[in-house]
Amino acid sequence: MTTFRTIATPPAEAEAPPAEAPRRSRGARLFLGRPEDPAWVRPALWGILLVAGVLYAWGMSASGYANSYYSAAVKSGTQSWSAFFYGSLDTGNFITVDKPPMALWAQALFGRVFGFSTFSLLFPEVLMGVAAVAVLYTTVRRAFGYKAGLVAAAVLTLTPITVAINRDNNPDTLLVLFLVLAAWAVQRSVESGRVRWLLASAFFVGCGFNTKMLQAYLVVPALALAYLVAAKSGLPRRIAHLVGAGAVLVASSFWWMLVVDLIPASKRPYVGGSTDNTVWDLVIGYNGLGRIFGQGGGAGGGGRGGGANFGGESGVGRLFNDILGGQISWLLPFAAIALVAGLILVWRRPRVDGARAGLLIWGGWLAVHYLVFSLAEGTFHPYYSTAMAPAIAALTGAGVVLLNEAGKRSAAWAWVLPAGVVVTGAWSFVLLNRTPDWNPWLRWVVVASTVVAVLLFVAGRMRRPAAVAALVVALVAGLAGPSAYAVSAASEPANGTNPLAGPSSGSGFGGPGGAMRGGPAGMPGGVPPGMRPGQAPGGGQQPSGQTSNGQRPDGGGFGGGMRGQVDTKLVSYLEQHRGSAQWLVAVGSAQQASSLILQTGEPVISMGGFSGRDPAMTVAKLQEYVKEGRLRYILINGEGRVGPGGGGSTEVTSWVKKNGTLVDPATYGSSASSTSGDGAQLYYLG
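Scope of this entry: the structure provided in the associated data block.

What counts and what doesn't
- Residues numbered from 1 in each chain as written.
- Predicted model: local features only at pLDDT ≥ 70, side-chain atom pairs only at ≥ 80, totals over all residues.
- Heavy atoms only, no water.
- Helix = DSSP H or I, 4+ residues; strand = E, 2+ residues; numbered from the N terminus.
- Buried < 20%, exposed > 50% of the residue type's maximum accessible area, 1.4 Å probe, protein only.
- Contact = heavy atoms within 4.5 Å.
- Areas by Shrake-Rupley, 256 points an atom, 1.4 Å probe, with all protein chains shown as cover.
- Core = buried A, V, L, I, M, F, W, Y, C linked by side-chain atoms within 4.5 Å.
- Polar contact = N/O pair within 3.5 Å; in protein donor to acceptor, adjacent residues only side chain to side chain.
- Salt bridge = Lys/Arg side-chain N within 4 Å of Asp/Glu carboxyl O.
- Phe/Tyr/Trp six-rings, centres within 6.5 Å; stacked < 30°, edge-to-face > 60°.
- Axes fitted to C-alpha atoms, helices over the stretch in contact; angles between N-to-C directions.
- Parallel < 35°, antiparallel > 145°, perpendicular 65-115°, else oblique.
- Nonpolar A, V, L, I, M, F, W, Y, C, P; charged D, E, K, R; others polar.

## So, the overall build of the protein
Helix and strand counts for the protein come out as 24 helices and seven strands. The buried share among the 686 residues of the protein stands at 61%. Taking contacts inside the protein between residues at least 6 apart in sequence as the whole, the part at least 24 apart equals 70%. With the model as given, the accessible surface of the protein reaches about 25000 Å², and the carbon-plus-sulfur share is 64%.

Structure, rendered in structure tokens:
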């Protein structure tokens, strides 16, 4: 009977330079690699980074302002330093976006240097995405060697949802970069025994918190466990170091929140997404527990399961469903096999072994994200899963190297890597078979490559060239499907609020070819009040293949942050009659306000925030603005509601109708009863 046994596998590649190796400057090492590196390593890495840059940047100009909600805040941040600090939607600082501002800061600083444009919005995302690939390579190479690092870099580059989100201006790209930097720093701390790298890791996670709040903390258990188990110092010192890292984490996470919450509410903008105008409520509610439990999530947080249809029903199979499967799960089974097998292979190594630490980092990262993302009952967008991509990529690279080396030394272990290749090929076939009319030949290429790879693995037991060929063909089989999805994402304009890669499988809120319209939790599927189809904000032509609200003509899901442009006649009227008012107009939600801000560059009040439901505007505040001459016009929809989907303040609406003067559409040149056929009404409050 064949039995498995734990075998002592040597470290992947020696990292110490030979004594006679010439020294290189830091800049030379960056471009040429270290003197002891094999000659092929640095060209291969630069090739992968070039592919990543092309995938993330291709056709950038067609994406316009991508997610106009964040784009409007970036534009405001280029015009006002106070709006920059708070992450305000408009330069008048009425309300912030519903995320902390660090991702906006990167784009706004770029915009201040190069001018606000599609380039200044999206090129920083390209740089961040490519940087994450490079840092992942370095981290995996330290623990498992060059080959593992290159495989990991290639997998991350070609992960479909990562390609899609790195072409957009949502905060997830910067979040992933900070988290990969945190893993890199912990790996260095474990190897060097220097606590400063552990503290740097905590700092990077804190920056991630100020990018997307509690989602950044999902990596903390894995990083802490790896250091506690594998760091060189004694256990009491390791615990003390982790306590110190916790202090750094708290300081780097909460400084912005404390500053904002300590400023009197009357002297700062309303915190968008919160129910009580505090960042703390945003942390634990809308961007925290509300995402997990689907309730108590702040304004717009929804009830149980609210908004979950973006990613399908919660459960252990969510990441393999028709919506998420093609975005993130191609190599998820192999990553799980690699994690279990890798831990068995390295567990008898010394406690401080770098590979053990690496498996704990990436395995813990993947396990925590898998559980939280699978079981979360609140709003869950598919692009959140890009945070899993570094762990899947790292475990894939580590697994290929560890299992290949183990197979050379044990007949039993020799079958584990081919078995993983078979599982990967079979799952790829299932994913591709869900859309049989989309590149129908591809799934058969995957099958053929898988079969050839397994045969070469068998032959490779006797001949080394066959073993090398087996690895190459196995990588082709495993990456063919995600590569096709990645290229599909690169060929499409950014889908703003819900970017996806590849074809639609016919369910959920789609990307290309998606099957459902509208948005969650009352978000409208049509054009907001005062908006017309055909053009992007700022007067540009709408990107090909999309309608005015960012949806595709075939029903491709809730689109690019309300791309429609407000009627130019209405805009001209408001600009001519605004007088000395601080704000151009007040509207119900951020979708309406962002389009006006992007088109005019003027401050516009979003009374209900992103969802139209934030209690940011009160009658008392509106009366104050009118009395001080800071606001003269307000736009409400035809049903007499301030926000879409029944949101907004009925008290504010009632006060406006009682005390304001309805402006006849003919006054600003419209022959219709409203600006967009939906009954929107403009009121004068002067």
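## So, the nonpolar core
W362 and L682 are the most contacted members of the largest nonpolar core, which totals 197 residues. Looking at which element gives the most residues to this core, the answer is helix α9 (residues 172–192), with 14 residues.

## Comments concerning the side chain of S594
Examined against the element boundaries, S594 turns out to sit in helix α22 (residues 590–600). A distance of 3.2 Å separates a polar side-chain atom of S594 from the backbone oxygen of Q591.

## Considerations on the pattern of salt bridges
Counted under the stated rule, the structure contains nine salt bridges. Of the charged contacts in the structure, one is a salt bridge between R434 and D322, with a shortest N-O distance of 3.4 Å. With a gap of 112 residues between them, R434 in the loop between α18 (416–433) and α19 (442–460) and D322 in the loop between α13 (279–293) and α14 (325–328) connect regions that are remote in the sequence. Classification of R434 as partly exposed rests on a relative accessible area of 27%.

## A word on the packing of aromatic side chains
How two aromatic rings sit relative to each other is given by the distance of their centres and the angle of their planes. Following the criterion strictly, the structure yields 30 aromatic pairs and no others. Ring geometry for W81 versus F84: centroids 5.1 Å apart, planes at 75°, classification edge-to-face. Separated by three residues within a single helix, W81 and F84 lie in helix α4 (residues 81–86), roughly one turn from each other. We classify F84 as buried; its relative accessible area is 13%. With 5.5 Å between their ring centres and 75° between their planes, F320 and W427 make a pair best called edge-to-face. Placement of the pair is F320 in the loop between α13 and α14 and W427 in helix α18, with a sequence separation of 107 residues. The exposure class of F320 is partly exposed, given its relative accessible area of 23%. Judged by relative accessible area, which is 16%, W427 ranks as buried.

## Details of the packing of helix α6 (residues 118–144) against helix α16 (residues 354–375)
Each pair of packed helices can be described by the angle between their axes along with the distance between the axes. Close contact between α6 and α16 brings their axes to 7 Å; oriented N to C, the two are set at 135°. Comparing the axis directions of α6 and α16 gives the class oblique. Of the residues in α16, those touching α6 at L136, T139, V140, A143 and F144 are G354, A355, G358, L359 and W362. Residue composition of the contact of α6 with α16, by class: seven nonpolar, three polar and no charged.

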